[in-house]
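# Fold and geometry: a report
Letter by letter, the chains look like this.
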Amino acid sequence: MSDPTYKLPLARPNVGSEEMAAVREVMESGTLAMGRWTDEFEERIATAAGRRHAIAVSSGTGGLHLAVRATGIRRGDEVITTPFSFVASANCVIYEGGVPRFVDIEEETLGIDPSLVEAAANDRTRGVLPVHVFGNPCRIEALDELARQHGWTLIEDSCEALGSTSHGRSLGSFGAASVFAFYPNKQITTGEGGIVLTDDDELAAEIRSMRNQGRDEDGTWLRHVRLGYNYRMDELSAAIGVIQMRRYPELRDGRARVAAMYEASLRPEPRVAVPQARAGADVDWFVYVLRLAPEVDRDRLIDQLGACGIPSRPYFTPLHLQPYYRSKFGYGPGDFPVTERVAASTLALPFFSTMSEEEVALVTGALVRSIDEQSHA
Ligand SMILES: *Cc1c(COP(=O)(O)O)cnc(C)c1O
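Rules used in this analysis
Residues numbered from 1 in each chain as written. Predicted model: local features only at pLDDT ≥ 70, side-chain atom pairs only at ≥ 80, totals over all residues. Heavy atoms only, no water. Helix = DSSP H or I, 4+ residues; strand = E, 2+ residues; numbered from the N terminus. Buried < 20%, exposed > 50% of the residue type's maximum accessible area, 1.4 Å probe, protein only. Contact = heavy atoms within 4.5 Å. Areas by Shrake-Rupley, 256 points an atom, 1.4 Å probe, with all protein chains shown as cover. Lys, Arg positive; Asp, Glu negative; His and termini not counted. Charge placed at Lys NZ, Arg CZ, Asp CG, Glu CD. Patch = residues over 30% accessible without salt bridge, like charges linked within 9 Å, V, L, I, M, F, W, Y side chains within 5 Å. Salt bridge = Lys/Arg side-chain N within 4 Å of Asp/Glu carboxyl O. Core = buried A, V, L, I, M, F, W, Y, C linked by side-chain atoms within 4.5 Å. Phe/Tyr/Trp six-rings, centres within 6.5 Å; stacked < 30°, edge-to-face > 60°. Lys NZ or Arg CZ within 6 Å of the ring centre and 35° of its normal.

## Examining the overall build of the protein
When helices and strands are tallied, the protein shows 13 helices and 13 strands. For the protein, the C-alpha atoms occupy an extent of roughly 70 × 55 × 40 Å along the three principal directions. A buried classification covers 59% of the 377 residues belonging to the protein. Sequence-distant contacts in the protein: of pairs separated by 6 or more residues, those separated by 24 or more amount to 70%. When the accessible area of the protein is evaluated, it comes to approximately 15,800 Å², of which 51% is carbon and sulfur surface. Positive and negative side-chain charges in the protein, numbering 39 and 53 respectively, have mean positions lying 3 Å apart.

## Digging into a nonpolar patch on the surface
Residues M34, W221 and L222 make up a contiguous nonpolar surface patch of roughly 390 Å² in combined accessible area. Relative to the assigned elements, L222 resides in the loop between α7 (201–211) and α8 (235–246).

## A word on the nonpolar core
Formed by 45 residues in total, the largest nonpolar core has its most connected members in F84, F134, Y262, L349 and L367. Elements supplying a minimum of two residues to this core: α9 (248–266), β12 (288–292), α10 (298–307), α12 (337–344), β13 (346–349) and α13 (357–376). When sequence neighbours within four positions are dropped, the list of residues in contact with F84 reads I105, L110, V133, F134, Y315, F316, T339, V342, A343 and T346.

## A closer look at the packing of aromatic side chains
Taken as a whole and judged by the stated rule, the model has 17 aromatic pairs. Taking the centre distance of 5.5 Å and the plane angle of 90° together, the rings of Y324 and Y325 count as edge-to-face. Each residue in the set F102, Y324, Y325, F329, Y331 and F336 is aromatic and connected to the rest through ring pairs, giving one cluster. Taking NZ or CZ as reference, R169 lies 3.8 Å from the ring centre of F174, over its face. Above the ring of F286, the side-chain terminus of K186 is found at 4.8 Å from the ring centroid.

Don't take any of this as a statement about function, it's just geometry.
Right under this line is the structure:
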């Protein structure tokens, strides 16, 4: 994330003296795992998302794995999901021997297009696993409705969507289970970390047990009632998370301020489209991703910005075109045209809550100059 050749990073966690004091308190307490900070972090996230249960884990990926396993996705089961995502949202199905069945996205939300779901389903379809891309809600209400009609399990990958809402309802509150992630570039961080949410008491107990080596509910040390894992979050991470949740309004305001500066500066530029929240949504952006007009050469633009000391990145590279997915499932170019078109035109700019006006101006100035250079070449 930090490269000495760049003038600023692509992302920077906002952690400081309060987080340090909390970590110090953990270290002085002698309880470095399975303690009160983890309990408090879980309570805070459950309350924020409006869910009955939250189970903190060591990563978002681990959380998705437990959600898939605990909801009973098994070998040969198919789960409808998106090719426009970070790889963990499809890998978690494969961990349990299931098959991710990709469905193309829609331009507006960059999430699964609900109108394509039924055509992709078959008698092995057991679940739907949508992703809220960059924090913007996918058509979660329509997907929830489809899942109910067909008896599919809905697992919500909300790993990029802490704090966003759709028609007033928190993302992370839909479906059988949902997951947030806390890697350092997410809305809040715990270092590495994630959390699984559910309203189902039995599912929560099962996920708690699986996280902790399959121990039974009272956590008897050497009694293992099911296959478990060590996906526990440690107390140092949980303490960082508690402070980050306390500071959440400040972190969110910082990102909103930066997004507004980008928007004001780039609105007049016809060759770039700034990110738009879905209608009815309130979005806390995870990353700031532009869509470039077709005449802009995205990869050349990344090089031009890099030469000005500014990091930028394509976001995402389609999952079905990843070498592993191509060789395992036989996918190739042309399979998901909207995903491929969108992926070829995205550009993530530096984005973090403490970004200054000067830093935003540095990025947008270089961006506009570089695009001008392309059209004059
Ligand atoms: C960040 C992220 C995850 C989980 O990431 P971890 O690094 O394992 O915490 C899962 N899905 C999506 C869409 C993500 O962006």
